[in-house]
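Here is how the chains run, residue by residue.
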Amino acid sequence: MYDINKVRADFPILSRTVYGKPLVYLDNAATTQKPREVVDAIVNEYYSVNANVHRGVHFLSQQATDLHEEAREKVRSFINAKSTNEIIFTRGTTEGLNLVCSSFTEEFMEPGDEVIVSVMEHHSNIVPWQLQAAKKGIAIRVIPMNDKGELLLDEYKKLFTEKTKIVSVTQVSNVLGTINPVKEMIRIAHQHGVPVMVDGAQSTPHFKVDMQDMDCDFFAFSGHKMYGPTGVGVLYGKESWLDKLPPYQGGGEMIESVSFEKTVFEKLPFKFEAGTPDYVATNGLAKAIDYITRLGMDNIAAHESELTKYCMQEMQKIDGMRIFGQSAYKDAVVSFLVGDIHHLDMGTLLDRLGIAVRTGHHCAQPLMISLGIQGTVRASFGLYNTKEEIDVLIAGIKRVSKMF
Ligand code: C6P
């Protein structure tokens, strides 16, 4: 079913060495490596198709436009959106979150109105709201969590007031790995007539997401975290909401007509896509979707879940080990500290053994504050990782621990 050796052979970078050691790449939550067919698609498009999209009548422009729009349809089908009008290409999750935050606040929020976020948000789902708080006087309410790193739904329910205008939460924490019960959270918000934006940066690479089943109002994710190219992401929005939001940026592509007196905006999805899109990257993203769909999202999820369980089980045997995020609903991320070894020391020494992990606050400083720590070491898994690599990590952690 899932031939890991064959899968690994699709990723040329995995066979390289660092410091003379085989690379053990466990920083997939930051970005994933790219299969050959994604890189080939990018190279081939630049070599043989390249032309600006939606602008030219000439052959190449038509062909590039076709690839770009086929990618939109591929994304639609991948996340089970109703229509391609609901698929906005962005630069990544960050841009999608900023777009909704900015346009939604402009149209639907007054001073004193409230947004609900969670304590485990990435900065890109906190700072945009803070910018709006400074500009427009909106307030941010925060869902707390328990010791396992699970959001407290009873507390969440209590946060709703007359002033709550939107909820914006991550589906999976990039630090704790917790898979939040977003479907239930959306149902609760909708009972209050409040729309929900979901940050899908850390869910889309790992398991199937379904917009119609989840019933979220907005959903943002990044291509580079799901084996696609950098510089491209997707914002999904229900058509009924996107229709009501003002454009985020102005420029070419997003207009129907312009005079100095009046501009008429393009219809969806182009209203939100000002300027030349990264049409080569959208095609690359489509190829990444082909790749992971062929492997099967359920197979990927099962493989990574096994890796996560194995890693947790082996790590717990290490003296002084503290793992942050102990929910039973946990994705391919394990954050930890050992004794009083600084996360940076651990990360740097693991790197010397060829093991790539991330250290620090992981762009989630409010979460670090609530945990009472400065940072963690984070191992995060992808579809190509193996138990043997986890053994190398565990041996590495033990070796570093002995040095202190
Ligand atoms: N987290 C990590 O190492 P961009 O940078 O726009 O592709 O994704 C931003 C983002 C938003 N939400 C979550 C939950 C994320 O994890 C990220 C990116 C990386 O954890 C880089 S900081």
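Everything in this summary refers to the structure shown in the same document. (Residues numbered from 1 in each chain as written. Predicted model: local features only at pLDDT ≥ 70, side-chain atom pairs only at ≥ 80, totals over all residues. Heavy atoms only, no water.)

### Quick notes on the pairing of strand β17 (residues 376–380)
For β17, the tally of buried residues reaches 5 of 5 residues, placing the bulk of the element in the interior. Residues Thr376, Arg378 and Ser380 of β17 are buried on one face, and the alternating residues Val377 and Ala379, pointing to the opposite face, are buried as well. Taken together, the 4 bridges between strand β14 (residues 333–338) and β17 define a ladder with antiparallel strand orientation. Each residue of the ladder has a partner; that of Ser335, found in β17, is Arg378. Pairing analysis gives 3 bridges linking strand β16 (residues 358–360) to β17, with the strands arranged antiparallel. (Buried < 20%, exposed > 50% of the residue type's maximum accessible area, 1.4 Å probe, protein only. Helix = DSSP H or I, 4+ residues; strand = E, 2+ residues; numbered from the N terminus. Pairing = 2+ DSSP bridges.)

### Some points on the nonpolar core
Membership of the largest hydrophobic core comes to 66 residues, with the highest contact counts inside it found for Ile79, Tyr156, Val167, Met214, Phe219, Ile292 and Leu383. Sort the elements by how many residues they give to this core and helix α10 (residues 279–295) lands first, with 7 residues. Here this core spans two domains, and each of domain 1 (4–28 + 296–403) and domain 2 (40–293) adds at least three residues to it. Those residues within four positions of Ile79 in sequence are excluded, and the remaining contacts are Ile87, Val209, Asp210, Met211, Phe221 and Tyr236. Within the second largest apolar cluster, 28 residues are counted, among which are Leu26, Met315, Met346 and Leu350. (Core = buried A, V, L, I, M, F, W, Y, C linked by side-chain atoms within 4.5 Å. Domains from an automatic or database assignment. Contact = heavy atoms within 4.5 Å.)

### Brief notes about the sheet that holds β16
Taken in spatial order, the 4 strands of this open sheet run β13-β14-β17-β16, and their pairing is antiparallel. At either margin of the open sheet sits one strand with a lone partner, and together these are β13 (321–324) and β16. Pairs of neighbouring strands in the sheet enclose a mean axial angle of 30 degrees, with direction left out of account. Here β13 runs beside β14; their pairing, made up of 4 bridges, is antiparallel. Across the sheet, the residue bridging to Met321 is Val338, located in β14. (Axes fitted to C-alpha atoms, helices over the stretch in contact; angles between N-to-C directions.)

### Some points on the site of the ligand
In the vicinity of the ligand there are 17 residues, among which Thr94, Asp199, Ser222, His224 and Arg358 approach most closely. Asp199 places a polar side-chain atom, nitrogen or oxygen, 2.5 Å from a nitrogen atom of the ligand. In the model, an oxygen atom of the ligand is placed 2.7 Å from a nitrogen or oxygen of the His224 side chain. Taking 510 Å² as the accessible area of the ligand by itself, protein coverage stands at 87%. By residue class, the composition of the shell around the ligand is 4 nonpolar, 9 polar and 4 charged. Mapped onto the domain boundaries, the shell around the ligand takes at least three residues apiece from domain 1 (4–28 + 296–403) and domain 2 (40–293). (Near = heavy atom within 4 Å. Polar contact = N/O pair within 3.5 Å; in protein donor to acceptor, adjacent residues only side chain to side chain. Areas by Shrake-Rupley, 256 points an atom, 1.4 Å probe, with all protein chains shown as cover. Nonpolar A, V, L, I, M, F, W, Y, C, P; charged D, E, K, R; others polar.)

### Thoughts on the side chain of Thr65
Here Thr65 shows up in helix α3 (residues 59–79). A polar side-chain atom of Thr65 sits 2.6 Å from the main-chain carbonyl oxygen of Ser61. The residues touching Thr65, leaving out its near neighbours within four places in the chain, are Val53 and His54.

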